[in-house]
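Letter by letter, the chains look like this.
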Amino acid sequence: MTQLSVNINKIATLRNARGGNVPDVQKVALDCERFGADGITVHPRPDERHIRRSDVVALRPLLHTEFNIEGYPAPEFIRLVLQVKPHQVTLVPDTPDQITSNAGWDVKTHFNFLSEVLETLRKAGIRTSLFVEANTEMIHYAAKAGADRVELYTEPYAALFPENPQKAVAPFVEAATAARREGLGLNAGHDLNLDNLPYLHQHIPWLDEVSIGHALICDALYRGLESTIHAYKNSLRS
Ligand code: PXP
């Protein structure tokens, strides 16, 4: 069964807009779990414009499901995840000012750096995932560098899906097959929504986890959080 990890960064963005504690990020995370989410994802950025380091520390003992922390492996990020010890760390190649992750790692170029970081996390007992594009060479290098999983960057799938779903999914099935061949676990995320998620899942039913934020929180404005989480979970049953 593919797990749904809800990315709650948008909740923190909303809270930060007014400076108080509404909406309450911790309560929303616990409600996501109560409504059926299999995990919670956060992406603390250096400027703390959404999730703050203090949120990450406070959430750790409260959560009952998988805690996934995404980020660029700068020394400060590594210190935070070694302190918090989440179940999974997803490494992304973002620059600090990036609006959102918009590319996967060039694992070949950054091979030595990533291998060292992955080893540090592995020694701390944290499962690792590398954010990569649907590129079999990068997946090969991710396995060689010692990652436990890869997360496929699904924005190109989401962009082409409305026009040509078959063409959109083909490189992702190839990449997912390569990940399975390399013995890697498989996550996916970015721009997944209730329209494009069922088709992705039907073609790659061995996905371990999807990490979804933006569309899910937007859907919740209309449907409510509980019904939205049920709808995403149902998309993963098809
Ligand atoms: N995976 C990674 C690595 C991300 O950086 C993000 C966005 O923070 C997501 C998944 C979730 O993407 P979206 O908000 O488009 O669902």
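If you're wondering where the values come from, they're calculated on a predicted model, not measured in any experiment.

Chemist: Honestly, the site of the ligand in this entry has me stumped. Any pointers?
Modeler: S101, E151, D191, G213 and H214 are the nearest of the 15 residues found near the ligand. At 2.9 Å from an oxygen atom of the ligand is found a main-chain nitrogen or oxygen belonging to H214. In this structure the site holding the ligand corresponds to the largest pocket. Taken together, the residues that form the shell around the ligand break down as 3 nonpolar, 9 polar and 3 charged.

Chemist: In this structure, what is going on with the pattern of salt bridges? I would like to understand it.
Modeler: It is possible for side chains bearing opposite charge to pair when their charged atoms get close. Scanning the model with the defined rule gives 13 salt bridges in all. Between K27 and D31 there is a salt bridge, and its shortest N-O distance comes to 2.7 Å. Of this pair, K27 and D31 both sit in helix 2 (residues 25–34), separated by 4 residues, roughly a single helical turn. Between R127 and E66 there is a salt bridge; the shortest N-O distance is 2.9 Å. Highlighted residues: R127 in strand 5 (residues 127–132) and E66 in strand 3 (residues 66–71), separated in sequence by 61 residues. Of the residues examined, E66 reaches a relative accessible area of 13% and is grouped as buried.

Chemist: Just checking my understanding: could you explain the environment of T136 for this structure?
Modeler: By secondary structure assignment, the location of T136 is in helix 6 (residues 136–145). For T136, a relative accessible area of 34% corresponds to the partly exposed category. Taking the C-alpha atoms as reference points, T136 and F172, separated by 36 residues in sequence, lie 9.6 Å from one another. Leave out the neighbours within four places in its chain, and T136 touches E174, A175 and A178.

Chemist: Looking at this structure, how should I read the nonpolar core?
Modeler: Generally speaking, soluble globular proteins have nonpolar side chains that are buried together. The biggest cluster of nonpolar side chains holds 75 residues, and the ones touching the most others in it are I8, L91 and L130. Ranked by residue count, the leading element in this core is helix 8 (residues 165–181), at 7 residues. Aside from chain neighbours lying at most four places away, what touches L91 is G71, P73, F77, W105, L114, V117, L118, L121, S129, L130 and F131.

Chemist: What should I look at first to understand the pairing of strand 5 in this one?
Modeler: Within a regular strand, the side chains alternate between the two sheet faces. Within strand 5, 5 of the 6 residues are buried, which leaves it mostly tucked inside the rest of the structure. Relative to strand 6 (residues 149–153), strand 5 runs parallel, the two sharing 4 bridges. Counted as the bridge partner of S129 is R149 from strand 6. For the crossover from strand 5 across helix 6 to strand 6, the handedness is right-handed.

Chemist: Sorry, what's going on with the pairing of strand 1 (residues 3–7) here?
Modeler: In terms of residue burial, strand 1 counts as a mostly covered element, since 4 of its 5 residues are buried. Bridge count between strand 1 and strand 8 (residues 209–212): 4 bridges; the pairing is parallel. Looking at the pairing, S5 lines up with S211 of strand 8. Direction of pairing for strand 1 relative to strand 2 (residues 39–42): parallel, over a ladder of 3 bridges. If you follow V6 over to strand 2, its bridge partner there is I40.

Rules of the game
- Residues numbered from 1 in each chain as written.
- Predicted model: local features only at pLDDT ≥ 70, side-chain atom pairs only at ≥ 80, totals over all residues.
- Heavy atoms only, no water.
- Near = heavy atom within 4 Å.
- Polar contact = N/O pair within 3.5 Å; in protein donor to acceptor, adjacent residues only side chain to side chain.
- 1 Å grid on protein atoms, 1.4 Å probe; cavity = no way out; pocket = protein on both sides within 12 Å on 5 of 7 lines; lining within 4 Å.
- Sits in = over half its atoms within 2 Å of the grid points.
- Nonpolar A, V, L, I, M, F, W, Y, C, P; charged D, E, K, R; others polar.
- Salt bridge = Lys/Arg side-chain N within 4 Å of Asp/Glu carboxyl O.
- Helix = DSSP H or I, 4+ residues; strand = E, 2+ residues; numbered from the N terminus.
- Buried < 20%, exposed > 50% of the residue type's maximum accessible area, 1.4 Å probe, protein only.
- Contact = heavy atoms within 4.5 Å.
- Core = buried A, V, L, I, M, F, W, Y, C linked by side-chain atoms within 4.5 Å.
- Pairing = 2+ DSSP bridges.
- Right-handed = clockwise from strand over helix to strand, strands pointing away.

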